[in-house]
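Residue-level listing of the chains:
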Amino acid sequence: MAWFGQGKDTIEWEEFRADMLFFKWPAKEIKKGAKLVIRAGQKAIFYANGVIEGVFEKAGSYDIASEIVPFLSTLKGVFELRGDTGMRAEVYFVNSKELLLPWGTRQRIMIPTPEVPSGIPVGCNGNLILEFRDYQKFIEKVVGVKDSYSLEDISERIMGELNPVIAEAILGGQQSIGVNALIGLQQNSRKLGQAINVELDKELLDFGFGAVDVNILSINYPAEVQQMAERVAGQSFVGNVGKYAAVQMADSFDSPGGGNNIASMGAQMAMGAQMAQQMAGAMSGGASKSAQQPVPQVANFICTGCGISITASAKFCPECGKPMKAAVAESTPGSDQFCPACRKMVAGKFCPDCGTQTV
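Now for a look at the structure at hand. Here the structure is a predicted model, which is why all the values come from computation and not from measurement.

Attention shifts here to the pattern of salt bridges. Applying the stated criterion to the full structure yields 10 salt bridges. Close ionic contact of Glu57 with Lys43 constitutes a salt bridge, the shortest N to O distance being 3.5 Å. On the criterion of sequence distance, the pair formed by Glu57 in the loop between strand S7 (51–56) and strand S8 (60–63) and Lys43 in strand S6 (residues 42–48) is long-range, its members being 14 residues apart. You can call Lys43 buried: its relative accessible area is 16%.

Below, the structure is given as C-alpha cells:
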C-alpha cells in the first residue's frame, strides 16, 4: 500500500504487513520535482524496457532528478530530453528484511529402511528464513502484472519443493537408512536442517529467492513407530536401576502421602537392585557356571558270562542272565523287549532288573 500525501510526486511505500514481499508504484511516469522515499528494510528498484535500471537501498528521501536519475544509465538521457514531462519507468519497492515462513510437510514422506523397504512415513515442521537474491528473476518469473505480492503467495511454491529436498537430506545419498537412525533424527535436527537449507536454497534461486536458514521444530512418525521409540528409550532408562529408583523416589514425594512412602521406596530399590543382579548373573555368570560343571561319566558294567557291556542300572546280563560287574565300556543298544515279570519294555534278551528272559 502506498500513501501519496504530496500527490504522485512522492514515490514511497508504507508497509502495512510484515510478510509483504514487494509493492509496485502504480504510476508509470516520473516527473521532475518528484521525490523518492525509502524506509528502513526497503529497496527501491527502477525497472524499464524489460531490465532493472537501478537498485537503491539506503533509507532516506531523495530528489529524483538530482539524486536518482544520474545513476540510471539508459534513462538519464530520456529524462533530460523530455523535460518536465518526465520519464516512463516502473518502480518496485522490495522488502529487504529476512522473512519468516512456518513450514510443514503436508503428508508424511516415505523413507525406505533395510527393515521396511517400502518405507516408513516421516513428517516434520519448522520455520524457514528467506530473502531476495535476484530481483530480475523474481520480477520476470513470479511478479508478472501484479501490483503486490506477499509471502503467502509464494508459500505454495516453496512447500512444493520441500518434500523431495527433505527426503534427500534424510537419506544423505543412500538408498535407505536404518530404523534406529530414522528414529534418532530429532537428535540431529540441526544438522538435518542445514542439509535441507543447502538444497532448498538451490531450488529457490530459480525464481530469485534464497533460503537463509531452516529450523526443524519437530519430527513425527506413525503412532506405532513412536510407541516403539518410546519403549526402547524406556528400556534403556530402566537399565540404570539406580537412576530409575532415584526418579521414582523423587516422584513419590509429589504424590499424596509421599513422605510416608520412603520405606516402601527403599524396598522397591532393594528389589530393583536384586533384579538387576539376577539379570546380570543370568547374562554373564550363567554360561560360565555351566561351563565349569564337569560332565558326569556314565559307568558301564560287563557281563561275567558272555562279556557284553551294558548300562550301570543292570544287575543281570540281558543276553545270558549272568551277574554283571563294574567296568568302563561303551554300551551296546539293543532292541526293545517285554519283561513278563517286571512288565516293562527293556533292551536285550533278559531283564536287567530281575534277570527274567524277555519276550
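Don't stop here, the text continues.
This brings us to the environment of Leu151. Mapped onto the secondary structure, Leu151 falls in helix H4 (residues 151–171). Sequence separation of Leu151 and Leu99 is 52 residues, and the distance between their C-alpha atoms is 8.0 Å.

Attention now moves to the packing of H4 against helix H6 (residues 189–204). At a minimum axis distance of 9 Å, the contact between H4 and H6 shows a crossing angle of 135 degrees. Judged on the interaxial angle alone, H6 and H4 are oblique. Of the two possible hands of crossing, H4 and H6 adopt the one that is right-handed. Seen from H4, the contacting residues are Ile158, Glu161, Leu162, Val165, Ile166, Glu168, Ala169 and Ile170; seen from H6, they are Leu192, Ala195, Ile196, Glu199, Leu200, Glu203 and Leu204. For the contact of H4 with H6, the residue count by class is 11 nonpolar, no polar and 4 charged.

Each value, and the rule that gives it
Numbers given to residues run from 1 along each chain, matching the order in which its sequence is written. It should be noted that, the model being predicted, local features are given only for residues of pLDDT at least 70 and side-chain atom pairs only at 80 or more, the latter also being counted only at that level, while totals for whole chains, interfaces and linings use all residues. Just so you know, side-chain values use all the structure's heavy atoms and leave hydrogens and water out. We count a salt bridge whenever a side-chain nitrogen from Lys or Arg sits within 4 Å of a carboxyl oxygen from Asp or Glu. Helical segments are the DSSP runs of H or I of at least four residues, strand segments are the runs of E of at least two, and each set is numbered from the N terminus. Relative accessibility thresholds used throughout: buried, under 20% of the residue-type maximum; exposed, over 50%; partly exposed, between the two (1.4 Å probe, protein chains only). Every axis in this analysis is a line fitted to C-alpha atoms, fitted for helices over the stretch in contact. Angles between the N-to-C directions lie between 0 and 180 degrees. For this classification, under 35 degrees means roughly parallel, over 145 means roughly antiparallel, 65 to 115 means roughly perpendicular, and everything else is oblique. Throughout, a crossing is termed right-handed when the near helix is turned clockwise from the far one, and left-handed when it is turned anticlockwise from it by less than a right angle. Contacts were defined at the residue level, with two residues in contact if any of their heavy atoms lie within 4.5 Å. Residue polarity follows a fixed list, in which Ala, Val, Leu, Ile, Met, Phe, Trp, Tyr, Cys and Pro are nonpolar, Asp, Glu, Lys and Arg are charged, and the others, Gly among them, are polar.

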